[in-house]
Amino acid sequence: MNTNLHEKRIPIIKLGNFLIVSIQVDMHDKLALQLQSQILEEIEKTGAKGVLIDISVLEMVDSFIGRMLSGMASMASIMDAAVVIVGMQPAVAITLVELGLEMPGVDTALNMEKGMEMLEKRLNSDDTALF
Amino acid sequence: MIELVSDSSWEILGKHQIESEDSIVKVRQLIRQHAKDLSMGIIDQTRITTAVSELLRNMYNYANGGIVLIESGMVDEKNALIVTCMDEGSGIDDIELAMSDGYTSGQGMGFGLPGSKRLVDDFEIHSKKDVGTTVRVMKWK
């Protein structure tokens, strides 16, 4: 079981101040939880200020994965990093809302580029807010 | 296990055991494929897949898994995908409570059953103490 999970490990790429995660597999619950802790460990290790999570390939987000994503955003925010979810498919957005999960407090962007702009803007305003 | 009567005209597309997280992933991919084969649109494919995903998780987390029966056929003159999830868990004490938004027995956020119901066209649940729970959902075009 463990080796199986290991094979499916989702890569996290560091780019400047940000981490980029592209979820390319249909995740089962354990893999989703593993990704959550993996990202938090990576934030701690790298001091990243933002995390972009690309879910454009995900054809389905159910209540568990939705909860993992919004939990992820709150945890990262406590660690002083912002999370932006990018590329949600329209069918996924519709289903999430109908399911009753509106993911309050989660920032989203249409694509990677817009998500990156969002994070950069946030990083810059944080810098000026200090003075 | 509580078995439900199927219409004799329905076609069995598959019967699968849920016994691991991997089997959950596999079955929900199959559900999407069957929905696609019935030429449902992408949104309906996603709705039925997500609804079933919630039911499979319940079965796996609370009843050590179970059996999923996938059928297709006519329901009220509409071409439907019919998915029946059967487990041999301890059963649900208060179905009305379990069907209310926000109710959770612990791990979840309480959107599983009511959320799943909102995503499908027909939802039926039967539960008997120490016998198990069976949920049948249908999505039609």
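Whatever comes next refers back to the structure up there.
What counts, and at which threshold
- Residues numbered from 1 in each chain as written.
- Chains lettered and ligands numbered in written order.
- Predicted model: local features only at pLDDT ≥ 70, side-chain atom pairs only at ≥ 80, totals over all residues.
- Pairing = 2+ DSSP bridges.
- Helix = DSSP H or I, 4+ residues; strand = E, 2+ residues; numbered from the N terminus.
- Axes fitted to C-alpha atoms, helices over the stretch in contact; angles between N-to-C directions.
- Buried ≥ 20, exposed ≤ 12 C-beta atoms within 10 Å, placed from the backbone.
- Contact = placed C-beta atoms within 7 Å.

K.L.:
Sorry if this is basic, but what is going on with the sheet that holds strand 3 (residues 78-87) of chain B here?
P.N.:
Strands in a sheet are paired, the pairing made by backbone hydrogen bonds, and the direction either parallel or antiparallel. Residue and element names in this part refer to chain B. Taken in spatial order, the 5 strands line up as 1-2-3-5-4 in an open sheet, and their pairing is antiparallel. A single partner strand is all that each edge strand has here, and the edge strands are strand 1 (11-18) and strand 4 (122-128). For this sheet, the mean angle separating the axes of adjacent strands, direction not counted, is 15°. With 7 bridges connecting them, strand 4 and strand 5 (residues 132-140) associate as antiparallel partners.

K.L.:
Please clarify how unusual backbone geometry should be interpreted in this entry.
P.N.:
Glycine aside, negative phi is the norm for most residues, and most peptide bonds take the trans geometry. All names here are of chain B. Backbone geometry places S39, a non-glycine residue, at a positive phi of 50°. Mapped onto the fold, S39 is located in the loop between helix 1 (21-37) and helix 2 (42-63). On the basis of neighbour counts, which here come to 10 C-beta atoms within 10 Å, the residue S39 falls in the exposed class.

K.L.:
Would you mind showing me how to read the sheet that holds strand 4 (residues 82-86) of chain A here?
P.N.:
Residues and elements named next belong to chain A. Read from one edge of the open sheet, 5 strands run 1-2-3-4-5, paired in mixed fashion. Every other strand in the sheet has two partners, leaving strand 1 (12-15) and strand 5 (107-109) as the edge strands with one partner each. Neighbour to neighbour, the strand axes of the sheet diverge by 25° on average, direction disregarded. As paired strands, strand 2 (residues 18-22) and strand 3 (residues 50-54) are joined by 5 bridges and run parallel to one another. Residue pairing across strands places S22 opposite D54, the latter belonging to strand 3. In this fold helix 2 (residues 29-46) packs onto strand 1, strand 2 and strand 3, with an angle of close to 160° to the strand it touches most, strand 2. Relative to strand 4, helix 3 (residues 63-78) is tilted by about 155°, and along the sheet it contacts strand 3 and strand 4.

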